[in-house]
Amino acid sequence: MQFPQKSASREEITPRITDAISRDANWRGGKIFSLVYFAGDDVADVLKEAYTTAFYTNGLGPGAFKSLKKFESEVISMTGDLLHHPEAAGNMTSGGTESILMAVKTARDWARAEKEIAHPQIIVPVTAHPAFDKAAHYLDVDIVHTPLRDDLRADVDAIRRAITDNTVLVAGSAPCYPFGVIDPIAEIAGLAAGRGVLCHVDACLGAYLLPFIERLGYAVPPWDFRVPGVTSISADLHKYGYSARGASVVLYRDRDVRRHQFFAVSDWPGGLYGSPTLAGSRPGGAIAAAWAVLNFLGVEGYTRLARVIMDTTAALIEGINDIPQLKVLGRPEMSVFAFASGSLDVYAVADALDEAGWHPDRQQLPPSLHCMVTPVHDTIVQPFLSDLRRATEYVAENGAVSTGRAATYGMLDKMSDRAAVRNVVLDSIDRLTGAKRDPAARD
Ligand SMILES: Cc1ncc(COP(=O)(O)O)c(C=O)c1O
């Protein structure tokens, strides 16, 4: 497509956007199990109003936008309060990946300054989010992946064995994405403290849900700042905080440690430059919307939504475990879980679900399907379970449906050459944008 020569009217543009979006996955109808965390039209209206009111503001300039300075500070202290350390120092970032990137950078630079570690290493369980790998890759830090115990939680003995003099950070998840279980944070943090190493808890998923299910009386193992030795936490507002996309918080127990996250340049002709996180300009809309939703919902609203989510999760898990060929993996504490099959190809079941209009997320090692339950799933429990039962019975009797995706996933899962699999992924990213024009195509 060429750069447009002529201006187009709003009346021409808006329908083109609405039309394109109307063909996206039906997240409002609960057909997808990730990516969108919709908490209802009342929440959406508050978010949109806050976002559009602050639309042109820029978090890079707290002097000009004192409003954002106030909103960001208050989001951080509200989150610190929720996670039992009101004095925590922190910043808002664009999402979980940036929060984790910042925690790893902070650990790297803290260890350089305090311990003169030249070749830093971080240790994470295999279930930790790839954001840690991305951080290690970008920041030139070594990363060691440790195995899990039988209950799919991090094996603390394996972490203990992996720690060296170069270790700067160990991490656990609350909960981890693949299986929704919480790592033994108290043990990991105790180990880290004993070795003088920082400990990050990735609570991107759990930070704004676990405190409320704890209030509802669910058993939640300790994972937040109440655990001595936890030095930083990532908490995603745009997941179970229900905020607009582009909002997360990274918190530190100790303000002096947080200072290693910052970046400043003092001799640039453009002036003195300082920035707390990775981004330069930062969308004020995301900051204002986060502040708005925390105030709009409060403990009351978040607890109400948590109840809906937990009841829905329990019904889904029970229904899935009732299907003889399927089984939910481990004992997930929250609203995130995976299910697998010992007897049939679960990727073929996913293909059959695709045909019924669902968008199941495929996982590997082992092959399983993944669900993140949000308030919209309240209305789909029975339709989803009956389609899942039908899909499973179909695959048990007939094998795979015709889409062929199962064959691809099955092949990639089994390939021992993981570098080749990485290349398949890189190729598919390459195809996402700037596709080469088909020379045979006509206008
Ligand atoms: C546990 C966990 N950590 C980190 C992330 C990364 O968050 P984001 O996609 O907002 O960068 C995710 C995303 O799903 C996650 O589930």
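Keep in mind it's a predicted model, so treat the numbers as computed, not measured. (Residues numbered from 1 in each chain as written. Predicted model: local features only at pLDDT ≥ 70, side-chain atom pairs only at ≥ 80, totals over all residues. Heavy atoms only, no water.)

Formed by 98 residues in total, the largest nonpolar core has its most connected members in Trp223, Tyr240 and Tyr242. Here the element with the most residues in this core is helix H10 (residues 284-322); it accounts for 16 residues. In terms of domain composition, this core takes at least three residues from each of domain 1 (47-294) and domain 2 (299-423). Residues within four places of Trp223 in sequence aside, it is in contact with Leu83, Ala174, Ile182, Ile185, Val201, Ala203, Gly206, Ala207, Leu210, Pro211, Val230 and Ile233. In this structure, Leu101, Ala135, Val168 and Tyr252 belong to the second largest nonpolar core, which totals 26 residues. (Core = buried A, V, L, I, M, F, W, Y, C linked by side-chain atoms within 4.5 Å. Buried < 20%, exposed > 50% of the residue type's maximum accessible area, 1.4 Å probe, protein only. Helix = DSSP H or I, 4+ residues; strand = E, 2+ residues; numbered from the N terminus. Domains from an automatic or database assignment. Contact = heavy atoms within 4.5 Å.)

For the rest of this paragraph, the subject is the side chain of Thr146. For Thr146, the position within the fold is in strand S3 (residues 142-146). The residues contacting Thr146, other than those within four sequence positions of it, are Ile123, Val124, Pro125, Val126, Ala158, Ile159 and Ala162.

Parsing the chain into structural domains produces domain 1 (47-294) and domain 2 (299-423). Opposite the 27 residues of domain 1 that make contact, domain 2 presents 27 residues. Here domain 1 meets domain 2 over a buried area of about 2,200 Å², counting both sides, of which 69% is carbon and sulfur. Looking at the side of domain 1 facing domain 2, the largest losses of area belong to Tyr177, Phe179 and Tyr240, adding up to 25% of the total buried there. At the surface where domain 1 touches domain 2, the tally comes to 1 salt bridge. Among the salt bridges present, the one from Arg153 reaches Glu333, with a minimum N-O distance of 2.7 Å. Summed over the shared surface of domain 1 and domain 2, the number is 9 residue pairs in polar contact (both at pLDDT 80 or more). Of all the secondary-structure elements, those providing two or more residues to the side of domain 1 that touches domain 2 are helix H8 (210-215) and H10. Of all the elements, H8 adds the most residues to the side of domain 1 that touches domain 2, at 4 residues. (Buried area = accessible area lost by both parts, 1.4 Å probe. Salt bridge = Lys/Arg side-chain N within 4 Å of Asp/Glu carboxyl O. Polar contact = N/O pair within 3.5 Å; in protein donor to acceptor, adjacent residues only side chain to side chain.)

Before going further, it helps to spend a moment on helix H14 (residues 418-432). With 15 residues, H14 extends 21 Å between its outermost C-alpha atoms, agreeing within 8% with the 21 Å of an ideal straight helix rising 1.5 Å per residue. If you check the start of H14, you find a side-chain oxygen 3.2 Å away from the backbone N of Ala419, and it comes from Asp417. One or two positions beyond H14, positive phi appears at Gly434, with a value near 60°. (Expected span 1.5 Å × (residues − 1).)

What follows is about unusual backbone geometry. Of the consecutive residues Ala174 and Pro175, the connecting peptide bond is found in the cis state with omega at -10°. Following the sequence through the fold, Pro175 ends up in the loop between strand S4 (167-173) and helix H7 (185-194). Following Leu365, the chain continues to Pro366 via a peptide bond in cis, the omega torsion being 5°. Mapped onto the elements of the fold, Pro366 is located in the loop between strand S12 (361-363) and strand S13 (368-372). Not every positive phi belongs to a glycine, and Leu35 is a case in point at roughly 75°. When you line up the elements, Leu35 lands in the loop between helix H1 (10-22) and helix H2 (41-53). Not every positive phi belongs to a glycine, and Asp140 is a case in point at roughly 55°. Tracing the backbone shows Asp140 in the loop between helix H5 (131-139) and S3.

The subject of this paragraph is the packing of H2 against H10. Helix-helix packing is characterised by the crossing angle of the two axes and by the distance between the axes. The contact between H2 and H10 brings their axes to 8 Å, and the two run at 145°. Both H2 and H10 take part in a crossing whose hand is right-handed. Contacts between H2 and H10 pair Asp42, Val43, Val46, Leu47, Ala50 and Tyr51 from the former with Gly285, Ala286, Ala288, Ala289, Ala292, Val293, Phe296 and Leu297 from the latter. Split by residue class, the contact of H2 with H10 holds 12 nonpolar, 1 polar and 1 charged. (Axes fitted to C-alpha atoms, helices over the stretch in contact; angles between N-to-C directions. Left-handed = near helix turned anticlockwise from the far one by under 90°. Nonpolar A, V, L, I, M, F, W, Y, C, P; charged D, E, K, R; others polar.)

This paragraph deals with the sheet that holds S3. As summarised here, the arrangement of the 7 strands in space is S1-S7-S6-S5-S4-S2-S3, forming an open sheet in which the pairing is mixed. Looking at the sheet topology across the chains shown, the edges are occupied by strand S1 (89-93) and S3. Between one strand axis and the next, the sheet turns by 20° as a mean value, whatever way the strands run. Across the sheet, helix H3 (residues 66-82) is in contact with S1, strand S6 (232-236) and strand S7 (248-252); its angle to S1 comes to roughly 120°. Helix H4 (residues 96-115) rests against S1, strand S2 (121-125), S4, strand S5 (198-202), S6 and S7 of the sheet, and its axis sits at about 25° to S7. (Pairing = 2+ DSSP bridges.)

Another aspect to go through is a nonpolar patch on the surface. A cluster of nonpolar side chains, Val425, Leu426, Ile429 and Leu432, forms an exposed patch at the surface whose accessible area comes to about 390 Å². Here Ile429 shows up in helix H14. (Patch = residues over 30% accessible without salt bridge, like charges linked within 9 Å, V, L, I, M, F, W, Y side chains within 5 Å. Areas by Shrake-Rupley, 256 points an atom, 1.4 Å probe, with all protein chains shown as cover.)

With that settled, the discussion passes to the environment of Ala338. Its location among the elements puts Ala338 in strand S11 (residues 336-341). On the basis of relative accessible area, Ala338 is assigned to the buried category, the value being 0%. As for Ala338 and Asp361, which are separated by 23 residues in sequence, their C-alpha atoms are 9.3 Å apart. Ignoring any residue separated from it by four or fewer positions in sequence, one finds Ala338 in contact with Pro178, Phe179, Lys327, Val328, Leu329, Gln363, Ser368, Leu369 and His370.

Here the focus is the confidence of the model for the chain. Across the chain, the average pLDDT comes to 95, with 97% of residues at 70 or higher. S5 holds the highest mean pLDDT among the elements of the chain, 99, whereas helix H13 (residues 405-414) holds the lowest, 77. (pLDDT = per-residue confidence, 0-100.)

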